[in-house]
Amino acid sequence: MKQLTRRTATALGAAVLAVGALAATAQAAPAAPAAPAGGDPTLTDVYIWATDVNLRAHPTTKSNVLAVRSTYWLDAVCQKQGETVTDPAVGTNNWWTAVQEFAGSDIAWVNNLYLRGGQKIEGVPDC
């Protein structure tokens, strides 16, 4: 009986350690803050996860910078392929998303490297 009690206690201790490790892992990756109210409800919200990201007039790094944003929510209008952008810290991508800050504002382009959602963002239509 003592051996059974010892095995049960050992198993419970291991389970507690495993749950604690999972909780610590889950806390390690910060989540994006909630999207602010006021955007166009018909558009998909996208999140710029990086800092000092250029929003451009066209989907190319040669076009004018219209704004610079860091860790910021925008409304995605559509996405299309444009100039390939390579960032050694992040990767390479040629998909760009047309965004606006609020309903009716000017359109700017941001490379999808700097948006949460991957190479091509689900829920954002092609232009």
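The protein chain goes by Peptidase M23 in an unreviewed UniProt entry, where it is assigned to Streptomyces composti.

Caption draft 1: Examining the environment of Asn-94 more closely. Tracing the backbone shows Asn-94 in strand β5 (residues 91–100). Each C-alpha atom, one on Asn-94 and one on Lys-80, is 8.3 Å from the other, the two residues being 14 residues apart in sequence. Discounting residues that sit within four places of it in the chain, Asn-94 has contacts with Lys-80, Gln-81, Gly-82, Glu-83, Thr-84, Asn-111 and Gln-119.

Caption draft 2: Examining the packing of aromatic side chains more closely. For the structure on display, the rule yields two aromatic pairs. Between the aromatic rings of Tyr-47 and Trp-73, the centroid separation amounts to 5.0 Å while the plane-to-plane angle is 50 degrees, which identifies the pairing as tilted. Within this pair, whereas Tyr-47 is found in strand β1 (residues 44–48), its partner Trp-73 is found in strand β4 (residues 72–87), the two being separated by 26 residues in sequence. For the cation-ring pair, Arg-69 lies above Tyr-72, with the distance from its terminal atom to the ring centre recorded as 5.2 Å.

Scoring rules and cut-offs
- Residues numbered from 1 in each chain as written.
- Predicted model: local features only at pLDDT ≥ 70, side-chain atom pairs only at ≥ 80, totals over all residues.
- Heavy atoms only, no water.
- Helix = DSSP H or I, 4+ residues; strand = E, 2+ residues; numbered from the N terminus.
- Contact = heavy atoms within 4.5 Å.
- Phe/Tyr/Trp six-rings, centres within 6.5 Å; stacked < 30°, edge-to-face > 60°.
- Lys NZ or Arg CZ within 6 Å of the ring centre and 35° of its normal.

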